[in-house]
Amino acid sequence: MIKIFWKALGIVRRGDHLEWVASSPFLPAFSFYEIHESGVINAQPEEIIAAVSALNMRDDLVADVLLSIRELPSKLMRKFRTAQQQQQEQMATFGFETFTLLQRTSHELSLGLVGRFWRPDLNISHISNASAFELFDDPRAAKLVLRFLVVEHQPGIRTLRTETFVYCGDTRTRMLFAPYWLAIRCASGWIRRRTLASIQRQLSTGVR
């Protein structure tokens, strides 16, 4: 019963990841997990992954509003800094381009992100490639993998699944990240579901 409770919150207890089937190779150990899946998509796997790669999550009004709210504390902090500091810390709009491409195949797209996400400015670290992501070893930051996976249920029946894996290197980071994770889960889940629905709609109608 306790295990089901933690699972519902997306919190992975120590050692539970060892029982996982098909976890991300970029985060073999992880502390938090979230999954969402689309309805049936009538398209080839390569088309689905291409649609994910081309998607701008900020084109969705709800996602844009929610992400703008999340960016607000950082923007307010920047207003109180000097002009030189503001220029040095020019913040790009958060989106898929903020992530590091870890892997792209005909059935999968994996993106990585490293930062102290609980902080107002997210404190995102620039990671150049998949190797740098795997080698990154600062326990003060959390490592996140966002995976889009085309699932073949039977010939011609496909869905798109999103999975979020988060690894915290030590107890302190895990304790800092946990309240943030619980606070943003509803919003992040809403964004994921709208992203999946957008791709399903786009490939079904040919209209974005």
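Trainee: Please explain unusual backbone geometry as it appears in this structure.
Mentor: Comment: phi is negative for the bulk of residues other than glycine, and the bulk of peptide bonds are trans. Here the phi dihedral of leucine 122 falls at roughly 70°; this positive angle occurs in a residue that is not glycine. Relative to the helices and strands, leucine 122 resides in the loop between strand E3 (108-115) and helix H5 (130-135). The residue asparagine 123 is not glycine, and still its phi comes out positive at about 50°. Inspection of the secondary structure puts asparagine 123 in the loop between E3 and H5.

Trainee: Would you mind going over the packing of aromatic side chains with me for this structure?
Mentor: The relation between two aromatic rings is expressed through the spacing of the ring centres and the mutual angle of the planes. Following the criterion strictly, the structure yields eight aromatic pairs and no others. Relative to tryptophan 181, the ring of phenylalanine 32 has its centre 5.5 Å away and its plane inclined at 45°; by these criteria the two rings are tilted. Highlighted residues: phenylalanine 32 in strand E1 (residues 32-37) and tryptophan 181 in helix H6 (residues 171-205), separated in sequence by 149 residues. Comparing phenylalanine 32 with tryptophan 181 shows no difference in burial state: the two are buried. What links up through ring pairs into an aromatic cluster is the set Phe32, Phe117, Phe177, Tyr180 and Trp181. Between the NZ or CZ atom of lysine 143 and the centre of the ring of phenylalanine 133, over which it lies, the distance is 4.8 Å.

Trainee: Help me out: how do you make sense of the pairing of strand E4 (residues 142-154) in this one?
Mentor: Within E4, 10 of the 13 residues are buried, which leaves it mostly tucked inside the rest of the structure. For E3 and E4, the ladder comprises eight bridges, and the chain directions are antiparallel. For serine 110, the partnering residue across the bridge sits in E4 and is arginine 147. With 12 bridges connecting them, E4 and strand E5 (residues 157-168) associate as antiparallel partners. Among the inter-strand pairings, leucine 144 is bridged to a residue of E5, identified as valine 166. Following E4, the chain reverses through two residues before pairing antiparallel with E5; glycine 156 in that reversal takes a positive phi of roughly 85°.

Trainee: How do you make sense of the side chain of arginine 116 when you look at a structure like this?
Mentor: Structurally, the position occupied by arginine 116 is in the loop between E3 and H5. Despite its burial, arginine 116 pairs with no opposite charge; the closest candidate is aspartate 138, at 4.4 Å N-O. Here asparagine 123 takes part through its side chain, which lies 3.3 Å from a polar atom of the side chain of arginine 116. The residues contacting arginine 116, other than those within four sequence positions of it, are Leu122, Asn123, Asp138, Arg140 and Ala141.

Trainee: Help me understand helix H2 (residues 45-54) in this model?
Mentor: Helical geometry note: an α-helix holds 3.6 residues per turn, so side chains three or four residues apart project in the same direction. The set of residues buried in H2 consists of Pro45, Ile48, Ile49, Ala51 and Val52. Buried residues in H2, looked at end-on, bunch into an arc of 155°, giving them a common side.

Trainee: Before we go on, may I ask you to explain the sheet that holds strand E2 (residues 100-104) in this structure?
Mentor: Sheet strands pair via backbone hydrogen bonds, and the direction of the pair is either parallel or antiparallel. The sheet built from five strands is open, its strands ordered E1-E5-E4-E3-E2 with antiparallel pairing. Only two strands of the sheet have a single neighbouring strand rather than two, namely E1 and E2. Neighbour to neighbour, the strand axes of the sheet diverge by 20° on average, direction disregarded. Docked against the sheet, H2 engages E2, E3, E4 and E5, running at close to 150° with respect to E4.

Trainee: Whenever I open this one, the nonpolar core confuses me. Can you help?
Mentor: One recurring pattern in soluble globular proteins: nonpolar side chains tend to sit buried together. Within the largest apolar cluster, 32 residues are counted, with the highest numbers of intra-cluster contacts made by Phe32, Phe117, Leu160, Val166 and Phe177. At the level of secondary structure, the elements contributing two or more residues to this core comprise H2, E3, E4, E5 and H6. Broken down by element, this core gets its largest block of residues, six residues, from H6. When residues no more than four places from it in sequence are discounted, the contact partners of leucine 160 are His36, Glu37, Ser38, Ile41, Ile48, Val52, Phe148, Leu149, Val150, Leu196 and Ile199.

Analysis parameters
Residues numbered from 1 in each chain as written. Predicted model: local features only at pLDDT ≥ 70, side-chain atom pairs only at ≥ 80, totals over all residues. Heavy atoms only, no water. Helix = DSSP H or I, 4+ residues; strand = E, 2+ residues; numbered from the N terminus. Phe/Tyr/Trp six-rings, centres within 6.5 Å; stacked < 30°, edge-to-face > 60°. Buried < 20%, exposed > 50% of the residue type's maximum accessible area, 1.4 Å probe, protein only. Lys NZ or Arg CZ within 6 Å of the ring centre and 35° of its normal. Pairing = 2+ DSSP bridges. Lys, Arg positive; Asp, Glu negative; His and termini not counted. Salt bridge = Lys/Arg side-chain N within 4 Å of Asp/Glu carboxyl O. Polar contact = N/O pair within 3.5 Å; in protein donor to acceptor, adjacent residues only side chain to side chain. Contact = heavy atoms within 4.5 Å. Arc of directions from axis to C-beta. Axes fitted to C-alpha atoms, helices over the stretch in contact; angles between N-to-C directions. Core = buried A, V, L, I, M, F, W, Y, C linked by side-chain atoms within 4.5 Å.

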